[in-house]
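A look at the structure
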Amino acid sequence: MAKLEGCDFCKFVNYENSDDFYLYEVGTNACEPGYSYEHYVVNRCILHFVIRGKGRLVLDGHEYKVHEHQAFLIPENARAFYQADEDDPWEYVWFHIGGPKFIPLMKEAGIDYNNPIYTPLACAKEIEDLAFDTMRNYQREYYCIGNIYKICDYMIANSADRVERNVSNSLVYVKNVISYIQLKYTEPIKIEAIAYACGLNRSYLTRLFKEATGYSLQEYLIIYRMKVASKLLVESDLAVQVIANKVGYGDAFTFTKAFKRHTGKSPSDYRRLAAGKAEDQ
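Everything numeric here is computed off the predicted structure, so don't read it as measured data. (Residues numbered from 1 in each chain as written. Predicted model: local features only at pLDDT ≥ 70, side-chain atom pairs only at ≥ 80, totals over all residues. Heavy atoms only, no water.)

A tally of regular secondary structure across the protein gives 10 helices and 10 strands. Taking 2.2 N^0.38 as the reference for a compact globule, 281 residues should give roughly 19 Å; the C-alpha atoms of the protein span a radius of gyration of 20 Å, in line with that estimate. If one aligns the C-alpha atoms of the protein with their principal axes, the spans along those axes are about 65 × 50 × 30 Å. A buried classification covers 49% of the 281 residues belonging to the protein. (Helix = DSSP H or I, 4+ residues; strand = E, 2+ residues; numbered from the N terminus. Rg over C-alpha atoms; globule rule 2.2 N^0.38 Å. Buried < 20%, exposed > 50% of the residue type's maximum accessible area, 1.4 Å probe, protein only.)

Given below as structure tokens:
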């Protein structure tokens, strides 16, 4: 089988069942000298762990040098170019990740758009072992997501640029909003109610959430509702009206319009296609 350009190993996994992290792709590459690649990714991030060697990252015109046992983040909606060193080309593992909690946790570890390079205080072996373990077990969705939690925890605990939790109140607010939505999504939530529950001005909270997660409050609420609805359509025989009510919509018509806008399919078509795929397996 021919090697996919830009990698030695690459698997598209598309794991979206977790409410916190979505894992879309995993891969490794031992680069040739001077090998380069460009990315522009919308609403997702790519996290690279450099196992050995070195190279450079250019992010929206700003250049960063990266060496072995560091990591670098390609943030969502950013234009990135990265290139292996001519004399000591890097080898890296990468994860293509989305989800509402990934960006806030990376910020706790001190890594974001303005500081895309991660340097561990301690030995990087533990985090690199977790990265390779995820690669080896790429077919196990919840195992992989569990490892992403462990990787984030390790990065926060061992970061040279860690953002202390008691200083970063904004991250606490964001986590509270996510928890609120995950608890109240069955109800007709208004943004004003979320802001009131958090004790914040609506416009301030909206800006805070968007900066931290990449999603607006309304976008995240809809995404979460559609994730739950998709699961109910596949795993139950509940009527569309019942599912609409269970995810916070008062009528099937409004829910169907939102679901089709989100997935490109009506709830009935989505259920039928999912059932067909299950029969083919």
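Packing of helix 7 (residues 217-235) against helix 9 (residues 252-263) leaves a shortest axis separation of 11 Å and a crossing angle of 95°. As the angle between them shows, helix 7 and helix 9 are arranged roughly perpendicular. From helix 7, Ile223, Met226, Ala229, Ser230 and Leu233 reach across to helix 9, where they touch Phe255, Ala258, Phe259 and His262. Residue classes in the contact of helix 7 with helix 9 are distributed as seven nonpolar, two polar and no charged. (Axes fitted to C-alpha atoms, helices over the stretch in contact; angles between N-to-C directions. Parallel < 35°, antiparallel > 145°, perpendicular 65-115°, else oblique. Contact = heavy atoms within 4.5 Å. Nonpolar A, V, L, I, M, F, W, Y, C, P; charged D, E, K, R; others polar.)

Per-residue confidence for the protein gives a mean pLDDT of 87; residues scoring 70 or more make up 93%. Counted against residues more than four places away or in other chains, residues 1-6, with its pLDDT under 50, gives eight contacts. (pLDDT = per-residue confidence, 0-100.)

Further remarks concern the nonpolar core. If you look at the biggest cluster of nonpolar residues, it comprises 37 residues, and the most contacted ones within it are Val177, Ile194, Leu205, Phe209 and Phe255. Every element with two or more residues in this core is listed here: strand 2 (22-30), helix 4 (169-184), helix 5 (191-198), helix 6 (202-213), helix 7, helix 8 (240-246) and helix 9. Element by element, the count of residues in this core is highest for helix 7, at nine residues. Not counting residues up to four positions away in its chain, the partners in contact with Val177 are Ile194, Cys198, Leu205, Phe209 and Leu217. Within the second largest apolar cluster, 35 residues are counted, among which are Val26, Leu130, Tyr138 and Ile145. (Core = buried A, V, L, I, M, F, W, Y, C linked by side-chain atoms within 4.5 Å.)

This brings us to the environment of Gly98. Position of Gly98 relative to the elements: it lies in strand 9 (residues 91-98). Taking the relative accessible area as the measure of exposure, Gly98 reaches 4% and is therefore buried. Taking C-alpha positions, Gly98 is 24 Å from Gly61, a pair spaced 37 residues apart along the chain. Residues within four places of Gly98 in sequence aside, it is in contact with Asp20, Phe21, Tyr22 and Tyr24.

Okay, the pairing of strand 4 (residues 45-52) next. Looking along a regular strand, one sees the side chains alternate between the two faces of the sheet. Of all eight residues in strand 4, seven are buried, a share of seventy percent or more. Across seven bridges, the pairing between strand 4 and strand 9 is antiparallel. Its bridge partner being in strand 9, His48 is matched across the sheet by Trp94. By the bridge criterion, four bridges tie strand 4 to strand 7 (residues 71-74) in an arrangement that is antiparallel. Within strand 7, the position partnered with Ile46 by the bridge is Ile74. (Pairing = 2+ DSSP bridges.)

This part covers the side chain of Asn137. Within the secondary structure layout, Asn137 lies in the loop between helix 2 (125-136) and helix 3 (141-157). Since its relative accessible area comes to 16%, Asn137 is described here as buried. Not counting chain neighbours up to four residues away, the residues in contact with Asn137 comprise Tyr143 and Cys144.

In this structure the tally under the stated criterion is 11 salt bridges. One salt bridge connects Lys65 with Glu63, and the closest N-O pair in it is separated by 3.1 Å. The residue Arg202 makes a salt bridge to Glu192 at a minimum N-O spacing of 2.6 Å. Here Glu192 lies in helix 5 and Arg202 lies in helix 6, a separation of 10 residues in the sequence. The exposure class assigned to Glu192 is partly exposed, which follows from its relative accessible area of 44%. A network of salt bridges, in which partner residues are shared, links Arg56, Glu63 and Lys65. (Salt bridge = Lys/Arg side-chain N within 4 Å of Asp/Glu carboxyl O.)

Once that is clear, we can look at helix 9. With 12 residues, helix 9 extends 16 Å between its outermost C-alpha atoms, agreeing within 8% with the 16 Å of an ideal straight helix rising 1.5 Å per residue. By the burial criterion, the buried members of helix 9 are Ala252, Phe255, Ala258 and Phe259. With its buried residues spanning 130° around the axis, helix 9 presents them on a single face. Counted as exposed and oriented over 90 degrees from the buried face of helix 9: Phe253 and Arg261. Put simply, Asp251 is the residue that caps the front of helix 9, since its side-chain oxygen is 3.1 Å from the backbone nitrogen of Phe253. Just downstream of helix 9 lies Gly264, where phi reads positive at about 85°. (Expected span 1.5 Å × (residues − 1). Arc of directions from axis to C-beta. Polar contact = N/O pair within 3.5 Å; in protein donor to acceptor, adjacent residues only side chain to side chain.)

Moving on: the environment of Ser266. Its place among the elements puts Ser266 in the loop between helix 9 and helix 10 (267-280). By relative accessible area, Ser266 is classed as buried at 16%. Separated by 224 residues in the primary sequence, Ser266 and Val42 have C-alpha atoms spaced 24 Å apart. In contact with Ser266, not counting residues within four places along its chain, are Phe259 and Lys260. Among the polar contacts listed, one links the side chain of Ser266 to the backbone nitrogen of Asp269, at a separation of 3.1 Å.

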